[in-house]
Amino acid sequence: MTDLNTLESDVLAQVAGATDLQALDAVRVAAVGKTGSISGLLKTLGAMSPEERKTQGAAINALRDKVTEAIAQKKAALEAAELDARLASETLDLSLPAPHRRKGSVHPTMQTMDEMVAIFAEMGFAVAEGPDIEDDFHNFTALNFPEKHPAREMHDTFFFNTKESGERMLLRTHTSPVQVRTMVSQKPPIRIIAPGRTYRVDNDATHTPVFHQVEGLVIDKGIHMGHLKWTLETFLARFFETDAVTTQFRPHHFPFTEPSAEMDVQCDRSGGEIKIGQGTSWLEILGCGMVHPNVLRACGIDPDEYQGFAFGLGVDRLGMLKYGMPDLRDMWSSDVRWLAHYGFSAFAAPNPASGLS
Ligand code: PHE
């Protein structure tokens with residue numbers, strides 16, 4: 001019978017001497033594999049006397065465990081060394097210039113958003129922000145959506161699972177909750193815009209589950225619908241860089257404004273492109289109205305003293321109209337050819353001095 005001590009030192013020496021994972025695996029197969037030397041010893045137990053089997057069995061099993069453990073340790077050490085070697089060899093020189101054809105571009109949505117912020121900043125608006133994950137109070141209740149009212153469903157909301165407290169968070173369906181956050185934290189006069197991402201369960205050529213809005217809010221004494229109309233028309237003329245934009249104001253309903261309206265821009269969608277200032281189609285680009293007294297009250301503002309207007313502009317839609325993109329879904333397709341065609345230079349950030357686009 002093979003001397004177990006000799007076998008042990010032989011196998012352990014082989015384990016220690018293995019220089020890579022492949023060699024180590026060969027040692028493992030030769031020792032504890034199906035037909036390996038130690039496995040072979042276990043098979044001889046059957047022919048032994050019960051006494052002998054007891055002592056030899058325990059000794060062989062202990063040897064097998066010891067060898068298995070040694071192999072596992074060696075394997076971890078070899079893997080760590082392999083990783084160290086890879087990390088040392090795969091360095092990246094971030095100071096090298098990017099190859100010409102792989103240069104990135106600014107996405108049309110971000111370009112449009114930057115242009116909008118530049119125009120409103122010029123008109124005296126400050127930028128306000130709020131979270132994408134909202135609660136029911138800011139997204140609905142404070143905005144005068146009655147409890148259990150179908151208007152809440154109208155927005156096709158993405159809800160999170162209900163918490164133990166019974167509260168259910170959601171992805172904001174519009175940027176209007178930023179109106180609430182601004183009014184409870186600032187005193188009038190208020191003049192802000194709130195650009196950001198918004199989310200609804202919706203998907204077709206003019207709707208995507210994630211889209212962008214720029215909210216506007218003005219609160220002061222003596223504010224009326226004329227101020228709203230002037231602000232929007234002035235903005236659109238500036239944004240489209242022409243006075244030839246035809247718009248229509250349509251009466252609408254929003255729980256948080258009274259009266260409420262939507263605005264559409266005339267466009268032509270007959271070809272593969274979308275063109276403004278001509279054609280027979282209308283694309284809805286914003287919702288607006290005079291801030292409802294209940295909303296002012298919910299935010300601690302006295303509606304007898306202050307009035308205001310609000311609007312929510314669809315950023316992606318304005319981008320489609322200005323830059324002639326017929327399908328909103330392309331914005332999210334990550335197609336480098338589309339991005340190369342519609343993208344903007346990162347070195348031409350829009351500002352009123354050097355031009356918008
Ligand atoms: N929040 C509305 C929407 O997303 C738009 C809106 C904003 C309407 C502000 C009126 C006032 O549809």
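Being a predicted model, the structure only gives us computed values, none of them experimental.

K.L.:
How should I be thinking about the packing of helix α9 (residues 225-240) against helix α11 (residues 315-323) in this particular structure?
P.N.:
Packed helix pairs are characterised by how far apart their axes lie and by the angle those axes make with each other. Closest axis-to-axis distance for the α9/α11 pair is 11 Å, and the angle between their directions is 45°. Judged on the interaxial angle alone, α11 and α9 are oblique. Facing Phe235, Leu236, Phe239 and Phe240 of α9, the residues of α11 in contact are Leu318, Leu321 and Lys322.

K.L.:
Teacher, can you tell me more about the domain arrangement of the chain here?
P.N.:
How big an interface is tends to be reported as the loss of accessible area on association of its parts. Split into domains, the chain comes out as domain 1 (4-89) and domain 2 (108-342). A straight line from the C-alpha centre of domain 1 to that of domain 2 covers 68 Å.

K.L.:
I tried to follow the site of the ligand on my own but got confused; where do I start?
P.N.:
Taken together, 14 residues lie around the ligand, and His174, Ser176, Arg200, Gln213 and Gly312 are the ones closest in. Within the side chain of histidine 174, one N or O atom sits 2.9 Å away from a nitrogen atom of the ligand. Separating a nitrogen atom of the ligand from a side-chain N or O atom of serine 176 is a distance of 2.9 Å. Bound to the protein, the ligand loses 94% of the 320 Å² it would expose on its own.

K.L.:
Looking at this model, I keep getting lost on the pattern of salt bridges. Mind explaining?
P.N.:
Close approach of charged atoms allows side chains of opposite charge to pair. For the structure shown, the criterion picks out 16 salt bridges. Between glutamate 122 and arginine 238 there is a salt bridge whose closest N-O contact spans 3.1 Å. Note that glutamate 122 is positioned in helix α5 (residues 108-122) and arginine 238 in helix α9, a separation of 116 residues in sequence. Residue classification places arginine 238 among the partly exposed positions, given a relative accessible area of 30%.

K.L.:
Where do I start with the environment of threonine 109 in this structure?
P.N.:
Structurally, threonine 109 is set in helix α5. A residue is classified by how much of its surface remains accessible, and threonine 109, at 3% relative accessible area, is buried. Taking the C-alpha atoms as reference, threonine 109 lies 22 Å from threonine 231; in sequence the two are 122 residues apart. With sequence-adjacent residues up to four places away left out, threonine 109 is seen in contact with His212, Val315, Asp316 and Met331.

About the cut-offs
- Residues numbered from 1 in each chain as written.
- Predicted model: local features only at pLDDT ≥ 70, side-chain atom pairs only at ≥ 80, totals over all residues.
- Heavy atoms only, no water.
- Axes fitted to C-alpha atoms, helices over the stretch in contact; angles between N-to-C directions.
- Helix = DSSP H or I, 4+ residues; strand = E, 2+ residues; numbered from the N terminus.
- Parallel < 35°, antiparallel > 145°, perpendicular 65-115°, else oblique.
- Contact = heavy atoms within 4.5 Å.
- Domains from an automatic or database assignment.
- Near = heavy atom within 4 Å.
- Polar contact = N/O pair within 3.5 Å; in protein donor to acceptor, adjacent residues only side chain to side chain.
- Areas by Shrake-Rupley, 256 points an atom, 1.4 Å probe, with all protein chains shown as cover.
- Salt bridge = Lys/Arg side-chain N within 4 Å of Asp/Glu carboxyl O.
- Buried < 20%, exposed > 50% of the residue type's maximum accessible area, 1.4 Å probe, protein only.

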